Amino acid sequence: MRKMFITLAATSALALGACQSPEADRVEDQAEAQAEAIDERADAMPDGPAQEAMEEKADRVEEMGEEKANAIDDNGEIAPSESGVGDTQTN
(Lines give C-alpha, C1' and ligand atoms only; values in the text may rest on other atoms or scores of the structure.)
Protein backbone atom coordinates (compact mmCIF):
# COMPACT_ATOMS: atom_id res chain seq x y z
CA MET A 1 0.00 0.00 0.00
CA ARG A 2 2.82 2.41 0.88
CA LYS A 3 4.52 1.77 -2.47
CA MET A 4 1.26 2.52 -4.27
CA PHE A 5 0.94 5.83 -2.38
CA ILE A 6 4.54 6.78 -3.15
CA THR A 7 4.04 5.96 -6.83
CA LEU A 8 0.81 7.95 -6.93
CA ALA A 9 2.44 10.91 -5.17
CA ALA A 10 5.40 10.89 -7.57
CA THR A 11 3.12 10.63 -10.60
CA SER A 12 0.97 13.48 -9.35
CA ALA A 13 4.01 15.64 -8.74
CA LEU A 14 5.25 15.02 -12.26
CA ALA A 15 1.86 15.81 -13.75
CA LEU A 16 1.52 19.01 -11.77
CA GLY A 17 5.11 20.08 -12.31
CA ALA A 18 4.20 21.65 -15.63
CA CYS A 19 1.83 24.00 -13.77
CA GLN A 20 4.60 25.74 -11.81
CA SER A 21 5.15 29.43 -12.26
CA PRO A 22 8.19 30.51 -14.29
CA GLU A 23 9.86 31.81 -11.11
CA ALA A 24 9.43 28.46 -9.32
CA ASP A 25 10.73 26.64 -12.40
CA ARG A 26 13.84 28.86 -12.45
CA VAL A 27 14.52 28.19 -8.77
CA GLU A 28 14.15 24.45 -9.25
CA ASP A 29 16.24 24.45 -12.44
CA GLN A 30 19.03 26.39 -10.70
CA ALA A 31 19.09 23.92 -7.84
CA GLU A 32 19.16 20.98 -10.26
CA ALA A 33 22.06 22.53 -12.18
CA GLN A 34 23.93 23.18 -8.93
CA ALA A 35 23.28 19.61 -7.76
CA GLU A 36 24.48 18.23 -11.09
CA ALA A 37 27.73 20.21 -10.82
CA ILE A 38 28.29 18.88 -7.29
CA ASP A 39 27.55 15.35 -8.52
CA GLU A 40 30.10 15.72 -11.32
CA ARG A 41 32.73 16.79 -8.78
CA ALA A 42 31.81 13.77 -6.65
CA ASP A 43 32.18 11.46 -9.67
CA ALA A 44 35.73 12.74 -10.14
CA MET A 45 36.65 11.91 -6.54
CA PRO A 46 38.03 8.56 -5.42
CA ASP A 47 35.49 6.21 -3.85
CA GLY A 48 35.06 6.71 -0.14
CA PRO A 49 33.37 8.76 2.55
CA ALA A 50 34.26 12.12 0.99
CA GLN A 51 32.64 11.12 -2.30
CA GLU A 52 29.52 9.89 -0.49
CA ALA A 53 29.31 13.14 1.47
CA MET A 54 29.55 15.14 -1.76
CA GLU A 55 26.77 13.04 -3.33
CA GLU A 56 24.59 13.59 -0.26
CA LYS A 57 25.23 17.32 -0.55
CA ALA A 58 24.03 17.22 -4.16
CA ASP A 59 20.86 15.43 -3.06
CA ARG A 60 20.22 18.04 -0.35
CA VAL A 61 20.77 20.93 -2.79
CA GLU A 62 18.30 19.43 -5.27
CA GLU A 63 15.65 18.75 -2.64
CA MET A 64 16.04 22.21 -1.12
CA GLY A 65 15.46 23.66 -4.58
CA GLU A 66 12.25 21.65 -4.83
CA GLU A 67 11.21 22.95 -1.42
CA LYS A 68 11.94 26.57 -2.40
CA ALA A 69 10.02 26.20 -5.64
CA ASN A 70 7.13 24.68 -3.74
CA ALA A 71 7.14 27.56 -1.26
CA ILE A 72 7.10 30.08 -4.12
CA ASP A 73 4.30 28.42 -5.99
CA ASP A 74 2.41 25.90 -3.89
CA ASN A 75 -0.10 24.81 -6.48
CA GLY A 76 -0.55 21.29 -5.18
CA GLU A 77 2.84 19.97 -6.27
CA ILE A 78 4.11 17.47 -3.74
CA ALA A 79 7.53 18.39 -2.36
CA PRO A 80 9.84 15.87 -0.66
CA SER A 81 8.95 17.19 2.79
CA GLU A 82 5.26 16.67 2.08
CA SER A 83 5.59 13.15 0.71
CA GLY A 84 8.46 11.95 2.90
CA VAL A 85 10.08 10.60 -0.28
CA GLY A 86 13.51 11.70 -1.34
CA ASP A 87 17.14 10.92 -0.78
CA THR A 88 17.37 13.17 2.27
CA GLN A 89 13.96 12.36 3.75
CA THR A 90 13.81 10.00 6.70
CA ASN A 91 10.95 7.62 7.30
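Residues numbered from 1 in each chain as written. Predicted model: local features only at pLDDT ≥ 70, side-chain atom pairs only at ≥ 80, totals over all residues. Heavy atoms only, no water.

Visitor: Can you lay out the overall build of the protein chain for me, pointing to particular residues and giving the numbers?
Guide: Helices and strands together make up the secondary structure of the protein chain, namely four helices and zero strands. Along its sequence from the N terminus, the protein chain presents helices and strands in the succession α-α-α-α. Scored against the burial criterion, the 91 residues of the protein chain give a buried share of 27%. Taking all contacts inside the protein chain whose residues are at least 6 apart in sequence as the whole, residues at least 24 apart take part in 59%. Within the structure as shown, the protein chain displays about 6200 Å² of accessible surface, and the carbon and sulfur contribution to it stands at 55%. (Helix = DSSP H or I, 4+ residues; strand = E, 2+ residues; numbered from the N terminus. Buried < 20%, exposed > 50% of the residue type's maximum accessible area, 1.4 Å probe, protein only. Contact = heavy atoms within 4.5 Å. Areas by Shrake-Rupley, 256 points an atom, 1.4 Å probe, with all protein chains shown as cover.)

Visitor: I'd love a proper account of helix H3 (residues 49-72), names of residues and values included.
Guide: An ideal rise of 1.5 Å per residue puts 34 Å on 24 residues; H3 measures up with 34 Å between its terminal C-alpha atoms. All buried positions along H3 are accounted for by Gln-51, Met-54, Ala-58, Val-61, Glu-63, Gly-65, Glu-67, Ala-69 and Asn-70. (Expected span 1.5 Å × (residues − 1).)

Visitor: Quick rundown of the nonpolar core? Include the residues and the values.
Guide: If you look at the biggest cluster of nonpolar residues, it comprises six residues: Ala-35, Ile-38, Ala-42, Met-54, Ala-58 and Val-61. Listing elements by their share of this core, those giving two or more residues are helix H2 (22-44) and H3. Residues within four places of Ala-58 in sequence aside, it is in contact with Ala-35, Ile-38 and Asp-39. (Core = buried A, V, L, I, M, F, W, Y, C linked by side-chain atoms within 4.5 Å.)

Visitor: Just give me the short version of H2, but keep the residues and values in it.
Guide: With 23 residues, H2 extends 33 Å from end C-alpha to end C-alpha; this agrees with the ideal 33 Å at 1.5 Å per step. Residues of H2 that are buried: Ala-24, Val-27, Glu-28, Ala-31, Ala-35, Ile-38 and Ala-42. Buried residues in H2 make contact with H3.

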